[in-house]
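For reference, the chains in residue letters:
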Amino acid sequence: MIDRKNRLTYADSGVDIDAGNRLVDLIKPLVRATARAGANAEIGGFGGLFDLKAAGFKDPVLVAATDGVGTKVKIAIETGLHGGIGIDLVAMSVNDLVVQGAEPLFFLDAQNRCSFSIISRAASSIRRPPRPSSQA
C-alpha cells in the first residue's frame, strides 16, 4: 500500500507545472509559426507527432539526432546574449542530420530553469530563417 502522507510531488522535485504551462502559452505562437506539412505544431504534451504520409514521404527512412546544448546555453546565460541561441541549438542537430542526406522534420526541446524572457528570445530566434554562411 502507498503511504499518501509521505509521497513526493513534482513541486518537491523542483518542477513548477503552472510555470511550465505559462511558458507553453507564451511560446505557442512561435511554435505555430514553424508549422509544416506533417507536423503537429501544438505544444504542451509530452511528445511530438509527425505524419510522414501528410508530408509526402513514401517509404521513408528516419534519421534521428540529438546534441548536447550545455556549453552554448551556459555561455549565452553568462554573457546575457540569448537572442540567437535558439537557432544555434537547432542548427547543431540539423547539421548532424543533413550530412547524412536527411531532411530535418521537427525539433524536440529540453530546457532547464531559465526566465520566461530568455526562453522566449531563444524560441524567437529558432523561427527566424537562417542566413547563408556567406552572409553571416
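One structure accompanies this document, and this report is about it.

Scoring rules and cut-offs
Residues numbered from 1 in each chain as written. Predicted model: local features only at pLDDT ≥ 70, side-chain atom pairs only at ≥ 80, totals over all residues. Heavy atoms only, no water. Helix = DSSP H or I, 4+ residues; strand = E, 2+ residues; numbered from the N terminus. Contact = heavy atoms within 4.5 Å. Areas by Shrake-Rupley, 256 points an atom, 1.4 Å probe, with all protein chains shown as cover. Axes fitted to C-alpha atoms, helices over the stretch in contact; angles between N-to-C directions. Parallel < 35°, antiparallel > 145°, perpendicular 65-115°, else oblique. Nonpolar A, V, L, I, M, F, W, Y, C, P; charged D, E, K, R; others polar. Buried < 20%, exposed > 50% of the residue type's maximum accessible area, 1.4 Å probe, protein only. Core = buried A, V, L, I, M, F, W, Y, C linked by side-chain atoms within 4.5 Å. Expected span 1.5 Å × (residues − 1). Salt bridge = Lys/Arg side-chain N within 4 Å of Asp/Glu carboxyl O. Bend = angle between axes of the 7 residues up to and from the residue. Polar contact = N/O pair within 3.5 Å; in protein donor to acceptor, adjacent residues only side chain to side chain. Patch = residues over 30% accessible without salt bridge, like charges linked within 9 Å, V, L, I, M, F, W, Y side chains within 5 Å.

Within the chain, the secondary structure is distributed over four helices and zero strands. Ordered by position from N to C terminus, the α and β elements of the chain give α-α-α-α. Restricting the contact set of the chain to residue pairs at least 6 apart, pairs at least 24 apart contribute 57%. For the chain, the accessible area works out to roughly 10,400 Å², and carbon and sulfur atoms hold 56% of it.

Attention shifts here to the packing of helix α2 (residues 70-79) against helix α3 (residues 85-98). Close contact between α2 and α3 brings their axes to 10 Å; oriented N to C, the two are set at 170°. As the angle between them shows, α2 and α3 are arranged roughly antiparallel. Residues K72, V73 and A76 of α2 lie in contact with α3, whose contacting residues are I85, D88, L89 and M92. When grouped by side-chain class, the residues that make up the contact of α2 with α3 number five nonpolar, no polar and two charged.

Turning next to unusual backbone geometry. A positive phi angle, close to 60°, is found at D59, a residue other than glycine. Structurally, the position occupied by D59 is in the loop between α1 (17-32) and α2. Among the residues examined, D59 registers a relative accessible area of 74% and is labelled exposed.

Burial of nonpolar side chains together is a common tendency in soluble globular proteins. Counting residues in each nonpolar core, the largest one holds five residues, listed as A76, I85, L89, M92 and A122. With three residues, the top contributor of residues to this core is α3.

What follows deals with α3. The terminal C-alpha atoms of α3 lie 20 Å apart, and with 14 residues this matches the ideal 20 Å at 1.5 Å per residue to within 8%. Looking at α3, one finds that the buried residues are I85, G86, L89, V90, M92, S93 and L97.

Further remarks concern the pattern of salt bridges. All told, the structure shown has one salt bridge when counted by the stated rule. In this structure, R36 and E103 form a salt bridge, with 2.9 Å as the shortest nitrogen-oxygen distance. One end of the pair, R36, is in the loop between α1 and α2; the other, E103, is in the loop between α3 and α4 (116-127), and 67 residues separate them in sequence. Under the relative-accessibility criterion, E103 is labelled partly exposed at 42%.

Let us look at α1. An ideal rise of 1.5 Å per residue puts 22 Å on 16 residues; α1 measures up with 22 Å between its terminal C-alpha atoms. Of all the bends found along α1, the most pronounced is centred on L26 and spans about 40°, while P29, a proline, follows it within four residues. All buried positions along α1 are accounted for by A19, L23, V24, I27, K28 and L30. Where α1 begins, the capping side chain belongs to D16, and its oxygen is found 3.2 Å from the backbone nitrogen of D18.

Judged by side-chain polarity, Y10, V15 and I17 come together as a nonpolar surface patch covering roughly 300 Å² of accessible area. With respect to the helices and strands, the residue Y10 is situated in the segment before α1. You can call Y10 exposed: its relative accessible area is 55%.

Turning our attention to the side chain of S93. With respect to the element layout, S93 can be found in helix α3. The exposure class assigned to S93 is buried, which follows from its relative accessible area of 7%. Apart from residues no more than four positions distant in its own chain, S93 is found in contact with A65, T66, D67 and F107.

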